[in-house]
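A structural walkthrough
Each chain is listed here by its residues.
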Amino acid sequence: MAEQSRELATGMESLAAQAFEVAGEAFNLGSPKQLQEVLYDKLGMPALRKTQKGQRSTAEPVLQELASRGFDLPRIILEHRSLSKLKSTYTDSLPAEINQRTGRIHTSYNQAVAATGRLSSADPNLQNIPIRTAEGRRIRQAFVAPPGRKLVAADYSQIELRIMAHLSGDEGLLSAFDGGDDIHRATAAEVFGCGLDAVSDDQRRSAKAINFGLIYGMSAFGLGQQLGVSRHVADEYIERYFDRYPGVHAYMETIRAQAHDDGFVETVFGRRLYLPEINDRNRMRRQAAERTAINAPMQGSAADIIKRAMLAVDAYCADPGVDAAMIMQVHDELVLEVAEGAEDTVIDGVTGRMRDAARLSVELVVDVGVGDNWDEAH
DNA sequence: CGCCCGCGCGCG
DNA sequence: AAAGCGCGCGCGGGCG
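Keep in mind that what you see is a predicted model, and the values were worked out from it rather than measured.

1. Details of the overall build of chain A
When helices and strands are tallied, chain A shows 14 helices and 8 strands. Expected size for 378 residues packed as a compact globule is a radius of gyration near 21 Å; at 23 Å, chain A falls within 12% of this value. A principal-axis box enclosing the C-alpha atoms of chain A has dimensions of 65 × 55 × 45 Å. Burial statistics for chain A: of 378 residues in total, 43% are counted as buried.

Rendered as C-alpha cells:
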C-alpha cells in the first residue's frame, strides 16, 4: 500500500504540472472553488450545470462533457481526481485501520441505517473497495487470505432484475431468465428488434443502462444523458421496452398506485418501507418518493434474501467439519475464508444455501470465484 | 481546534 | 425546474 501511495502521488504531481501548463498558473486541483475560477473565469469554459447551492458544478459528468468538447484541463482534473480518490480513501487510510492484535482490518456492519434494509459498512467501509479500474483493482489485491487459506467470493447474478421478473410476473423476462440468457443481450434483442447473436456491444451497453435505469425509476431524460442520445431516442427505447415487457410496465404502474394509496411499499417478504412524501404537494419530493417506491421492493427484497442466506451460511460454517468463515458482505456478495483443499466442498455448501435462500418464480443464480486475494476471487 | 456542511466519488 | 436507487468518507471551506 505504501508503494502504491507513492506511485499515486507521483502521478498526481505530474498531472498538477500539466494543469499548471494549461492554466498558466499553479492551483490546488482539489479545491472546487479554485477550479471553478480557472475553468469558468480564467479559461472561459461554459458552466454546464449548477450545484444544489448554485455553484458552477465541476462534477464528473460536467468535466467529461467539457473534455469531449476538446478542452484539455477537464481531462487532467478527472485523472487527478481518480488518483487522489484512491490515495486518500484507500491506500493512505486503510493501513491505519489494521488492528494491532489481529493484524486484520475489521469493519462494522450497521443493520438499521439503510432505508431499504441493506446492511451498511463503516469504520472503515469495506463495501466500496475499488474494482472497476485496473488501478483500483490493485487495491483489492491487497485483501489476501492467510497462508493455507483461500478467499471465496460468491455473488448473486442479476438479483434485482430477477426480483423484478418475480414481482411483475412478466412472461418475457421470466422466460429470458429461465433460458439462462444473458439478460442485457436478451433485452437488447427485444428493444432493437434483432436476433440474440446480432446484438452489437453498443446495443448491449444500451440495454444494460435501460435495465438498471428501470430498477431506479429513471426518466427518458436520465437515460438519454447516460447513453449520450437525445431524450426523444431514449423515449423510444423505453417505449419499445415496455412494449416487449408489458408485465414490467403494469408492475411499475401498480406499485406507484399502491404507494400512493397505502403510503408504503413492501418487499417479497412483506417488510415495509414507508414513504411519507409520496403524496407531498411539492412535485419534486413526490417524484423522488415514487422512484423510491419503484426501487425499494427490488433493493429491499435482495437485502432480505442475502440476510436469509447469511443465516444459513453462518450455520453451515459453524459445523465443526467445515473449515470456513464468512468474513464480508457486499450487498449481493458474500466473501469467505476457506481452508485450502476444502474450496470445492465449501463452494457447494455456500452457493446451495444462497440459491435456496428464497423461492421465487425465477431461479437464483450464484457466481463464485476462488483466489489468494479478493480480486482473484472475482 | 473541533465540528458541520456541500461536493464529489468509491461501491452495489 | 428537475430529470437514477442505496450507502460512507475525504477534502475544502466556513463557523464558533
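2. Some words on the environment of glycine 371
With respect to the helices, strands and loops of the structure, glycine 371 is situated in strand E8 (residues 366-371). Apart from the residues within four sequence positions on either side, glycine 371 is in contact with Lys150, Leu151, Glu376 and Ala377.

3. Overview of empty space enclosed by the protein
Tallying each qualifying case throughout the model produces 1 cavity of 30 Å³ or more. In this structure, the largest cavity occupies an estimated 40 Å³ of space. Residue lining of the largest cavity: Thr116, Val265, Glu266, Thr267, Arg271, Arg272, Leu273, Ala296, Pro297 and Gly300, and that is the complete set. When residues of the lining of the largest cavity are traced back to their parent elements, those giving at least two are strand E4 (264-266), strand E5 (272-274) and helix H13 (283-318). With 3 residues, the single largest contributor to the lining of the largest cavity is H13. Grouping the amino acids of the lining of the largest cavity by side-chain chemistry returns 4 nonpolar, 3 polar and 3 charged.

4. Regarding the layout of surface pockets
Each pocket or cavity is described by its volume, and for the largest pocket that value is around 1,800 Å³. Around the largest pocket sit 47 residues that line it, and Ile131, Arg132, Phe212, Tyr216 and Asp332 are the ones nearest its centre. For the lining of the largest pocket, the elements supplying multiple residues, two or more each, are helix H4 (73-91), helix H5 (134-140), strand E3 (149-156), helix H6 (159-168), helix H9 (201-216), H13 and E8.

5. Thoughts on the packing of helix H1 (residues 2-23) against H4
Relative orientation of the contacting elements H1 and H4 amounts to 155 degrees, with a least axis distance of 9 Å. On the basis of the axis angle, H1 is roughly antiparallel to H4. Relative to H4, H1 is oriented so that their crossing is left-handed. Here Gln4, Ser5, Leu8, Ala9, Gly11, Met12, Leu15, Gln18, Ala19, Val22 and Ala23 of H1 lie close against H4, whose contacting residues are Leu73, Arg75, Ile76, Glu79, His80, Leu83, Ser84, Leu86, Lys87 and Thr91. Residue composition of the contact of H1 with H4, by class: 11 nonpolar, 7 polar and 3 charged.

6. Digging into the protein's contact with DNA strand C
Inspection of the region around DNA strand C gives 33 residues, with Ser31, Tyr216, Ser219, Gln226 and Arg291 positioned closest. In the interface set of DNA strand C, defined as its atoms within 4 Å of the protein, sugar plus phosphate atoms amount to 65%. Measuring from a phosphate oxygen of DNA strand C, one finds a backbone N or O atom of alanine 115 at 3.0 Å. Mapped by element, the contributors of at least two residues to the surface near DNA strand C are H4, strand E2 (120-122), H9, helix H10 (220-227) and H13. Tallying contributions element by element places H13 first for the surface near DNA strand C, with 6 residues.

7. Some remarks on the sheet that holds strand E6 (residues 324-329)
The 4 strands lie next to each other as E6-E7-E3-E8, forming an open sheet whose pairing is antiparallel. Of all strands in the sheet, those bounded by a partner on one side alone are E6 and E8. Strand-to-strand twist of the sheet, defined as the mean angle between neighbouring strand axes without regard to direction, takes the value 25 degrees. Here E3 runs beside strand E7 (residues 333-339); their pairing, made up of 7 bridges, is antiparallel. What sits directly across from alanine 153, in E7, is valine 335. On top of the sheet, H13 reaches E3, E6 and E7; it is set at about 160 degrees to E6, its chief contact.

8. Brief notes about the nonpolar core
Within soluble globular proteins, side chains that are nonpolar generally end up buried alongside one another. In this structure, Tyr156, Leu173, Tyr241 and Ile305 are the most contacted members of the largest nonpolar core, which totals 67 residues. Considering every element that reaches this core, the biggest residue donor is H13, with 13 residues. With residues near it in sequence (within four places) discarded, isoleucine 305 still touches Tyr156, Ile159, Ile163, Phe269, Ala357, Ala358, Leu360 and Leu364. Ala19, Ile76, Ala145 and Trp374 belong to the second largest nonpolar core, which has 35 residues in total.

Definitions and limits used
Residues numbered from 1 in each chain as written. Chains lettered and ligands numbered in written order. Predicted model: local features only at pLDDT ≥ 70, side-chain atom pairs only at ≥ 80, totals over all residues. Heavy atoms only, no water. Helix = DSSP H or I, 4+ residues; strand = E, 2+ residues; numbered from the N terminus. Rg over C-alpha atoms; globule rule 2.2 N^0.38 Å. Buried < 20%, exposed > 50% of the residue type's maximum accessible area, 1.4 Å probe, protein only. Contact = heavy atoms within 4.5 Å. 1 Å grid on protein atoms, 1.4 Å probe; cavity = no way out; pocket = protein on both sides within 12 Å on 5 of 7 lines; lining within 4 Å. Points joined across faces, edges and corners; volume = space filled by probe spheres on them. Nonpolar A, V, L, I, M, F, W, Y, C, P; charged D, E, K, R; others polar. Axes fitted to C-alpha atoms, helices over the stretch in contact; angles between N-to-C directions. Parallel < 35°, antiparallel > 145°, perpendicular 65-115°, else oblique. Left-handed = near helix turned anticlockwise from the far one by under 90°. Near = heavy atom within 4 Å. Polar contact = N/O pair within 3.5 Å; in protein donor to acceptor, adjacent residues only side chain to side chain. Pairing = 2+ DSSP bridges. Core = buried A, V, L, I, M, F, W, Y, C linked by side-chain atoms within 4.5 Å.

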